[in-house]
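# Geometric and topological summary
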Amino acid sequence: MNNSTENIIERLKEQIKDVKFDTLSEDIGKVFKVGDGIAFVRGLNDVLSGEMLRFDHDVYGLALNLEENQVGVVLLGSDTSIKEGDTVYRTNHVIEVGVGDALLGRVVNALGQPIDGMGELNTVSVRPIERVAPGVMTRQSVNQPLHTGIKVIDAMIPIGKGQRELIIGDRQTGKTSIALNAILNQKGQNVKCIYVAIGQKASTVAMVVEKLKEHDALDYTVVVSSTASELAPLQYIAPYTGCAMGEYWMDNGDDVLIVYDDLSKHAVAYRTISLLLRRPAGREAYPGDVFYLHSRLLERSAKLNEKYGGGSMTALPIIETQAGDISAYIPTNVISITDGQLFLNLDAFNSGMRPAVDSGMSVSRVGSAAQTKAMKQVSSSLKLELATYHELLSFAQFSSDIDPTTQKAIDHGHRITELLKQGALTKISHELMIISMFLNKYGYLDQLNVKDVAPFEKFLHKRFEASHQDILDRIKENYVLDDALVEDIKQVVENELESFKIAEHA
Ligand code: ATP
Ligand code: MG
């Protein structure tokens with residue numbers, strides 16, 4: 001350094017010696033650029049990532065991009081009132097929502113504010129919507145079943161409390177119906193439910209609320225709604241809002257079921273924000289951290305161990321595929337984060353196989369540990385029987401004469417398929433489900449015509465409920481079928497089969 005430079009530095013130091021930096025000035029910034037729901041703000045030096053910032057006219061924003069000389073903020077309200085040069089204030093709070101039992105029975109927006117016109121929400125405390133997932137030492141493995149009330153799922157792809165099971169399929173394949181059915185089935189089970197709508201049509205959300213009301217399920221459910229017409233940042237935070245609400249109950253030792261409908265739209269909302277914030281675009285134009293977006297959400301579902309209260313949060317994320325392509329970017333991501341998937345097949349759905357759960361492509365990696373013993377006893381061979389059936393069926397298409405054993409296996413498969421059909425939003429109790437699967441296990445199914453399977457099942461369920469409640473109670477005791485119980489059920493089934501056949505021919 002030569003003399004003259006040193007002089008300049010010394011002179012500058014001298015000049016600024018007495019300047020007192022206003023400590024408050026770091027909490028206030030100025031809008032530098034605004035548009036498309038994004039504002040770039042300068043002058044906020046200590047802002048936190050994810051912090052709420054207040055603009056004039058009571059518009060709030062979320063600080064997402066912390067850059068060297070500016071902060072990228074997504075606005076949670078309209079940007080039309082915000083101008084270049086406007087002042088921006090720090091709030092020193094990362095975004096938070098109210099949590100507590102007051103939420104049950106309510107419909108709220110992504111910020112946790114009520115939108116159902118039923119008055120104020122008296123939530124007990126607030127929580128940040130983003131939180132680090134429970135650590136390994138706080139968890140235990142899945143050991144209690146969470147029944148969905150859907151035969152094909154509870155029998156073959158059982159879900160346990162604390163599990164994350166993905167529902168994946170094309171549009172209009174019954175994804176929402178399965179999740180709703182699972183919520184309806186929690187009635188009286190002491191499970192609190194959360195339905196998070198992300199980028200759904202407002203009419204779909206209204207329909208969901210209507211169905212929940214109709215089936216008396218809204219009392220133990222909260223609906224978090226961010227519809228397609230809302231801003232992308234709101235769609236982006238909605239699942240975290242729902243998750244924070246669920247975590248409160250989980251930490252209090254309660255069981256929670258949360259549905260994210262759907263995470264494909266969540267990823268799209270995040271992509272929109274990221275592109276507007278000028279983050280580098282990666283595969284399919286999604287930002288590089290889109291995997292982390294979903295993993296940090298789904299990792300927050302857990303089964304806590306007794307020391308931490310024993311609560312659980314079971315997640316049913318939904319992903320919409322295009323033309324059944326489960327190897328696209330977002331589907332593969334979420335498949336690898338979750339503990340299994342229910343794959344819904346469009347062709348099967350259209351051919352009347354509803355729910356259209358593809359038994360070959362669907363798995364539950366942890367849930368079988370929590371399946372009831374009785375259900376295991378009667379349904380363990382089901383998956384294999386169905387796989388054989390589908391294989392034989394594709395062969396049988398090409399040959400005219402089929403040997404009797406093959407024909408028998410195919411006929412049997414037809415009947416199982418009939419047995420597994422179930423209407424939308426019709427829950428079946430676990431005891432009756434065991435009775436249905438019992439028909440297959442002990443060969444009664446093959447004594448029926450294909451067209452009689454569904455009517456007989458219905459008839460049998462009615463008869464059991466009307467006259468054999470004692471047997472149902474014995475099943476319910478600890479969900480184990482001992483020899484005596486098996487004999488008693490056989491007796492009833494045989495008698496009812498007789499009376500069904502007589503009634504048929506009368
Ligand atoms: P979207 O892609 O639009 O979200 P989705 O995959 O969530 O659709 P649903 O809305 O659950 O599908 O169902 C689509 C339609 O199929 C609805 O009209 C629903 O009533 C019907 N449906 C769903 N499941 C069944 C079922 N098991 N039996 C008969 N109808 C069903
Ligand atoms: Mg849907």
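Residues numbered from 1 in each chain as written. Chains lettered and ligands numbered in written order. Predicted model: local features only at pLDDT ≥ 70, side-chain atom pairs only at ≥ 80, totals over all residues. Heavy atoms only, no water.

### Overview of the state of the cysteines
Within this structure, the stated rule accounts for zero disulfides. Unpaired in this structure, Cys193 has its nearest cysteine sulfur neighbour in Cys243, at a distance of 15 Å. The exposure class of Cys193 is buried, given its relative accessible area of 0%. Judged by relative accessible area, Cys243 falls into the buried class, the value being 0%. (Disulfide = S-S within 2.5 Å. Buried < 20%, exposed > 50% of the residue type's maximum accessible area, 1.4 Å probe, protein only.)

### Digging into the UniProt feature "site: Required for activity" (unreviewed entry) in the protein
UniProt tags Ser362 as "site: Required for activity" (unreviewed entry). Its place among the elements puts Ser362 in the loop between helix H9 (346–350) and strand S16 (363–364). Exposure remark for Ser362: the relative accessible area of 0% places this residue in the buried category. If sequence neighbours within four positions are ignored, Ser362 has contacts with Ile157, Gln341, Leu342, Phe343, Val357 and Lys383. (UniProt positions renumbered as here; feature names shortened; annotations may be inferred. Helix = DSSP H or I, 4+ residues; strand = E, 2+ residues; numbered from the N terminus. Contact = heavy atoms within 4.5 Å.)

### Focus on the site of ligand 1
Surrounding ligand 1, one finds 14 residues, the nearest of these being Gln172, Lys175, Thr176, Ser177 and Gln422. A distance of 3.0 Å is found between an oxygen atom of ligand 1 and a backbone nitrogen or oxygen belonging to Gly174. At 3.3 Å from a nitrogen atom of ligand 1 is found a main-chain nitrogen or oxygen belonging to Ala424. Considered on its own, ligand 1 offers 630 Å² of accessible surface; in the complex 72% of this is hidden by protein. Among the cavities detected, the one that contains ligand 1 is the largest pocket. Residue contributions to the shell around ligand 1 peak at three residues, all from helix H3 (residues 175–184). Per-class residue counts for the shell around ligand 1 are three nonpolar, seven polar and four charged. (Near = heavy atom within 4 Å. Polar contact = N/O pair within 3.5 Å; in protein donor to acceptor, adjacent residues only side chain to side chain. Areas by Shrake-Rupley, 256 points an atom, 1.4 Å probe, with all protein chains shown as cover. 1 Å grid on protein atoms, 1.4 Å probe; cavity = no way out; pocket = protein on both sides within 12 Å on 5 of 7 lines; lining within 4 Å. Sits in = over half its atoms within 2 Å of the grid points. Nonpolar A, V, L, I, M, F, W, Y, C, P; charged D, E, K, R; others polar.)

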